[in-house]
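Reading the structure
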Protein chains: 2
Amino acid sequence: MLSDVTRDFILHWGEMGTRWGVNRSVAQIHALLFLAEAPLPADAIVESLGLARSNVSNSLKELQSWQLVQVRHVMGDRREHFVAVTDIAEVFRLIVEGRKQREIDPTLQALRRFASAAEAGREPHVQTRIAEVLAFVGMLDQWYATMTGARGTGPIDYLRMAQEIHRLLHRRP
Amino acid sequence: MLSDVTRDFILHWGEMGTRWGVNRSVAQIHALLFLAEAPLPADAIVESLGLARSNVSNSLKELQSWQLVQVRHVMGDRREHFVAVTDIAEVFRLIVEGRKQREIDPTLQALRRFASAAEAGREPHVQTRIAEVLAFVGMLDQWYATMTGARGTGPIDYLRMAQEIHRLLHRRP
DNA sequence: CCGTAATTTCTGAATTAACAGAAATAGGCA
DNA sequence: TGCCTATTTCTGTTAATTCAGAAATTACGG
């Protein structure tokens, strides 16, 4: 049985998921595992959220492909148990990484094709605009690589650092 | 009649839109206006993309609410013409700003409620996790405010700066 | 090697979102 | 005021997604 807070958190998370192109079940299961104290078998998820077994199974596979959820084995129990990454900064990183791989990278590819085609074409405006988009997305990509590549620093450290630097640069003379 | 590049760009943009929770028509219209050389009346959009007039009307309203598209009036023409923001960095900023207002801010509110409720509750794990999420989202929010609040600097300058600082800090001794 | 429990895959139903067309409204001009 | 054009709102349909249940597969224990 879920507590009120847990239930509300899961519902909100699910709702947010749908807005960001993630299906509700996946987001809810993720929220549940994120708050769970111990690894949960699929059955427990089915009971807690009232979803079909198959749905839970597919959603868990999806979450594993994002590396947000891992399988654990419990001694004397044949079932698989699932845990979510609980470090919120790491969760964030994994989500950004996943979207990058699935969407930004292909978009970069596509933009490069479009840019070539536009150069060959007869539309200076289109050529310029696409070149600018390409440059911008490329820069975001670089920036992301930098941010996550920093040895020993997670996104939180990075954000703190950026803030601090900004304060130094912009403090009143 | 659209050129091949333009058409492909619009299709790709539309596809990306759906992945990020934006409806296809809205994203396509945005792409079309983004590449357009001059302000376009709704009819022209209908013809170019083969959408229903009503759909175009609603989508334009949506885009205006994001400030991504503005209305222009052309002398001697009663119809409204539409232009998109073409500075890609500004487009990026507006999208982030929109999502922040519509989703992050309400989420922050909700998280604060959950955090209070969790404190009152009897689940230390839940309390800790939610507190961490709240802290992290709050930090992102701050960071965003800093990034966009920088006088005279757009996201591009900010990204460049961040990269440069990172290089300085991490260069081999 | 067979039986059982666990899990995944497949298929169809149901829900939701996107969209076109019709009807209604607003805005200007004679 | 009355007409014409542009635009929006409303409503029903279509398409896409989500999801449950059944069937199939896999893994394990005896």
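Everything in this summary refers to the structure shown in the same document. Just so it is clear, the model here is predicted, and its values are computed rather than measured.

1. Observations concerning the sheet that holds strand 3 (residues 80-84) of chain A
Residues and elements named next belong to chain A. Ordered by their spatial adjacency, 3 strands build an open sheet running 1-3-2, and the pairing between neighbours is antiparallel. Each end of this open sheet is capped by a strand with a single partner; those strands are strand 1 (40-41) and strand 2 (69-73). With 5 bridges connecting them, strand 2 and strand 3 associate as antiparallel partners. Looking at the pairing, His-73 lines up with Glu-80 of strand 3. The strands touched by helix 2 (residues 24-35) within the sheet are strand 1, strand 2 and strand 3, with strand 3 carrying the most contacts at an inclination of about 85°.

2. What to know about the pattern of salt bridges
Per the counting criterion, the structure on display carries 22 salt bridges over all chains. A salt bridge links Arg-24 of chain B to Glu-15 of chain B, with the shortest nitrogen-to-oxygen separation between them at 3.2 Å. Several salt bridges share partner residues, and in doing so they unite Asp-43, Arg-53, Asp-77 and Arg-79 of chain A into one network.

3. Considerations on unusual backbone geometry
Residues and elements named next belong to chain A. Phi at Gln-67 takes a positive value of approximately 65°, unusual for a residue other than glycine. Considering the arrangement of structural elements, one finds Gln-67 in the loop between helix 4 (53-65) and strand 2. The exposure class of Gln-67 is exposed, given its relative accessible area of 52%.

4. Comments concerning the pairing of strand 3 (residues 80-84) of chain B
Residue and element names in this part refer to chain B. Judged by how many residues are buried, strand 3 sits mostly within the fold: 4 of 5 residues are covered. In the sheet, strand 1 (residues 40-41) pairs with strand 3 via 2 bridges, with the strands oriented antiparallel. Counterpart to Leu-40 in the pairing with strand 3 is Phe-82. Between the antiparallel neighbours strand 2 (residues 69-73) and strand 3 lie 6 residues, among them Gly-76 with a positive phi of about 75°.

5. Some thoughts on the sheet that holds strand 2 of chain B
Residue and element names in this part refer to chain B. Strands sit in the order 1-3-2 across an open sheet of 3 strands; the sheet is antiparallel. The open sheet has two edge strands, strand 1 and strand 2, and neither has a second partner. Seen against the sheet, helix 2 (residues 24-35) touches strand 1, strand 2 and strand 3 and runs at an angle of roughly 85° to strand 3.

What counts and how
Residues numbered from 1 in each chain as written. Chains lettered and ligands numbered in written order. Predicted model: local features only at pLDDT ≥ 70, side-chain atom pairs only at ≥ 80, totals over all residues. Heavy atoms only, no water. Pairing = 2+ DSSP bridges. Helix = DSSP H or I, 4+ residues; strand = E, 2+ residues; numbered from the N terminus. Contact = heavy atoms within 4.5 Å. Axes fitted to C-alpha atoms, helices over the stretch in contact; angles between N-to-C directions. Salt bridge = Lys/Arg side-chain N within 4 Å of Asp/Glu carboxyl O. Buried < 20%, exposed > 50% of the residue type's maximum accessible area, 1.4 Å probe, protein only.

Shape descriptors only; they carry no functional weight alone.
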